[in-house]
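Chain and residue survey
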Amino acid sequence: MIYTLTCNPSIDYFLNVHDLNKGELNRAETVTLQPGGKGVNISRVMKRFGQDSVALGFTGGFTGEWITAFLNKEDIKTDFVQIDYDSRINVKLVGKEETEINAAGPRISNNNISKLIQTMERFIEGDLLVVAGSIHKGMQLSRIFQICKEKRIKLVVDAEAELLKQALFFQPYLIKPNQQELEDFFECSFSNMNDAIPYCRKLVNMGAKNVIFSMGSSGALYANKNALYKAYVPKGEVVHTIGAGDSMVAAFLTKIQLGYSRLAAFRFSVAAGSAAAYSEELCNKQSAFDLIGQVTVTKVEEDVN
Ligand SMILES: Nc1ncnc2c1ncn2[C@@H]1O[C@H](COP(=O)(O)OP(=O)(O)O)[C@@H](O)[C@H]1O
Ligand SMILES: O=P(O)(O)OC[C@H]1O[C@](O)(COP(=O)(O)O)[C@@H](O)[C@@H]1O
């Protein structure tokens, strides 16, 4: 089974404001509510690709109930630990520019972390846990990573630099930093994908089995211990890029579960990320398949094995 862990799920409140004027009254042309948080999005996209998962994490209050009900209506299994505080609402202002305001979300008590750990008792060898999205400052997930190691559960991490650092020690199956996350991790800055190549190699040397580095419209890199590949994005018109990275992770994992090669999975993941960027919503099977033919992947270095 695949489990996704979203420590801080959200309701994403999308407001379409074409010309946003800071400091003035703005009126939204359209509004939409979507369940959000990286693991939640990954579960949703995998479901669209036919891959089941169980969404784990911490939810509370009326917002938490709404998120759970929405997922269950999409036939996605959930097993959230109930907390005493409302799950957060993240504001997404979409128009000429994209502006996001993500709330910090409630602090998770040690008691609630223990409840999550109890849930993990049913994990079995061969399961996969995707840990994705923000966590509270100071929150430690190393016990969770350790259980994955002990039980031989594949660990996937899509999160900020600090959590990535904790995770690398446990040799995650996949990590997917974006530009900001990789720059924060190595305290450097990139102006193009080539700048990121040595850092992707370093992540592999530090323990990551597979690394996907995504750099928005500039494309993506895939690295493992044998090789490094570069992909360029297909053409299209961007609607908004929220959920593009999550669609990418969901697409990669689904293809791997289906037995495709890591290279094929990488190629599909780039198509899925862009399909999300070119639509109002997360990507779906058709929109990703429509773009796959346009995704070019080139090898950056020779196999060393
Ligand atoms: N502006 C864009 N144009 C085309 N594709 C995009 C764009 N932004 C994101 N994508 C696609 O989504 C993937 C993930 O996007 P990125 O912004 O790097 O990740 P994240 O959402 O995690 O910050 C990219 O590799 C690409 O395939
Ligand atoms: O946990 P964080 O880092 O605040 O991110 C949560 C936000 O990220 C999203 O999962 C989108 O993520 P991506 O754009 O990186 O795919 C939103 O649904 C959610 O509001």
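Note that the coordinates shown come from a computational prediction; the quantities given were computed from them, not determined experimentally.

Looking at the UniProt feature "domain: Carbohydrate kinase PfkB" (unreviewed entry) in the protein
- Mapped onto this structure's residue numbering, the UniProt feature "domain: Carbohydrate kinase PfkB" (unreviewed entry) falls at residues 11-281.
- Helix makes up 38% of residues 11-281 and strand 24%, with an end-to-end C-alpha separation of 14 Å.

A short note on helix H1 (residues 38-48)
- Counting buried positions over the 11 residues of H1 gives eight, a clear majority of the element.
- Every buried residue of H1 is listed here: Gly39, Val40, Asn41, Ile42, Ser43, Arg44, Val45 and Met46.

Regarding the site of ligand 2
- Asp12, Asn90, Lys92, Ser134 and Gly243 are the nearest of the 18 residues found near ligand 2.
- Gly37 is positioned such that a nitrogen or oxygen atom in its backbone is 3.2 Å from an oxygen atom of ligand 2.
- Interatomic distance of 2.8 Å between a side-chain N/O atom of Ser134 and an oxygen atom of ligand 2.
- Coverage of ligand 2 by the protein chains reaches 89% of its 480 Å² of free accessible surface.
- Class assignment for the residues of the shell around ligand 2 results in two nonpolar, 11 polar and five charged.
- Both domains that furnish three or more residues to the shell around ligand 2 are identified here as domain 1 (1-172) and domain 2 (175-305).

Some points on helix H4 (residues 142-151)
- Of all the residues in H4, the buried ones are Ile144, Phe145, Ile147 and Cys148. Down the axis of H4, the buried set is contained in an arc of 155°. They therefore lie on one face.
- Elements that come into contact with the buried residues of H4 comprise strand E1 (2-6), helix H3 (110-119), strand E8 (128-132), strand E9 (154-158) and helix H5 (161-168).
- Where H4 ends, the next residue or the one after it, Arg152, has phi of about 55°, a positive value.

Structural notes on a negative patch on the surface
- A cluster of acidic residues, Glu160, Glu162, Asp184 and Glu187, forms a negative patch at the surface.
- Looking at the secondary structure, you find Asp184 in helix H6 (residues 179-186).
- We classify Asp184 as partly exposed; its relative accessible area is 40%.

What to know about the sheet that holds strand E2 (residues 10-16)
- Strand order in this open sheet of four strands is E3-E2-E6-E7, and the pairing throughout is mixed. Each edge of the open sheet is held by one strand with a lone partner, namely strand E3 (30-36) and strand E7 (98-101). The sheet shows a mean angle of 20° between the axes of neighbouring strands, taken without regard to direction.

Here we look at the pattern of salt bridges
- Scanning all chains against the criterion turns up eight salt bridges.
- A salt bridge links Arg44 to Glu74; the nearest nitrogen and oxygen atoms lie 2.8 Å apart. Of this pair, Arg44 sits in helix H1 while Glu74 sits in the loop between helix H2 (61-73) and strand E5 (77-83), placing them 30 residues apart in sequence.
- Residue class for Arg44 comes out buried when judged on its relative accessible area of 2%.
- In this structure Glu74 comes out as partly exposed when scored by relative accessible area, which is 26%.
- Salt bridges sharing partners connect three or more residues here, namely Arg44, Arg48, Glu74 and Glu281.

Digging into the side chain of Thr68
- For Thr68, the position within the fold is in helix H2.
- By relative accessible area, which is 18% here, Thr68 ends up buried.
- Of note is the side chain of Thr68, whose polar atom sits 2.9 Å from the backbone oxygen of Gly64.

A look at the nonpolar core
- Membership of the largest hydrophobic core comes to 51 residues, with the highest contact counts inside it found for Phe58, Leu129, Val131, Leu141, Ile144, Phe145 and Val157.
- For this core, the element with the highest residue contribution is helix H7 (residues 193-205), accounting for six residues.
- Sequence-distant contacts of Val131, that is, excluding residues within four places in its chain, are made with Leu5, Leu141, Phe145, Leu155, Val156, Val157, Asp158 and Leu163.
- Counting residues in each nonpolar core, the second largest holds 39 residues, with Leu128, Ala244, Phe252 and Ala272 among its members.

Points about the sheet that holds strand E11 (residues 210-214)
- As summarised here, the arrangement of the 10 strands in space is E5-E4-E1-E8-E9-E10-E11-E12-E13-E14, forming an open sheet in which the pairing is mixed. A strand with exactly one partner marks an edge of an open sheet, and here the two such strands are E5 and strand E14 (296-299).
- Strand direction decides the pairing type here: E1 and strand E4 (residues 54-60), joined by four bridges, are parallel. Within E4, the position partnered with Tyr3 by the bridge is Val54.

Notes on the site of ligand 1
- Close contacts around ligand 1 come from 19 residues, with Asn178, Ser214, Gly216, Gly245 and Ser274 the closest.
- Between an oxygen atom of ligand 1 and a main-chain N or O atom of Gly216, the distance comes to 2.9 Å.
- At a separation of 3.0 Å, a nitrogen atom of ligand 1 approaches a polar side-chain atom of Ser274.
- Here ligand 1 has 540 Å² of accessible area as a free molecule, and 85% of this is covered by the chains.
- Ranked by the residues each element gives to the shell around ligand 1, the list is headed by helix H9 (residues 262-277), at four residues.
- Grouping the amino acids of the shell around ligand 1 by side-chain chemistry returns nine nonpolar, nine polar and one charged.

The rules we used
Residues numbered from 1 in each chain as written. Chains lettered and ligands numbered in written order. Predicted model: local features only at pLDDT ≥ 70, side-chain atom pairs only at ≥ 80, totals over all residues. Heavy atoms only, no water. UniProt positions renumbered as here; feature names shortened; annotations may be inferred. Helix = DSSP H or I, 4+ residues; strand = E, 2+ residues; numbered from the N terminus. Buried < 20%, exposed > 50% of the residue type's maximum accessible area, 1.4 Å probe, protein only. Near = heavy atom within 4 Å. Polar contact = N/O pair within 3.5 Å; in protein donor to acceptor, adjacent residues only side chain to side chain. Areas by Shrake-Rupley, 256 points an atom, 1.4 Å probe, with all protein chains shown as cover. Nonpolar A, V, L, I, M, F, W, Y, C, P; charged D, E, K, R; others polar. Domains from an automatic or database assignment. Arc of directions from axis to C-beta. Contact = heavy atoms within 4.5 Å. Patch = residues over 30% accessible without salt bridge, like charges linked within 9 Å, V, L, I, M, F, W, Y side chains within 5 Å. Salt bridge = Lys/Arg side-chain N within 4 Å of Asp/Glu carboxyl O. Lys, Arg positive; Asp, Glu negative; His and termini not counted. Charge placed at Lys NZ, Arg CZ, Asp CG, Glu CD. Pairing = 2+ DSSP bridges. Axes fitted to C-alpha atoms, helices over the stretch in contact; angles between N-to-C directions. Core = buried A, V, L, I, M, F, W, Y, C linked by side-chain atoms within 4.5 Å.

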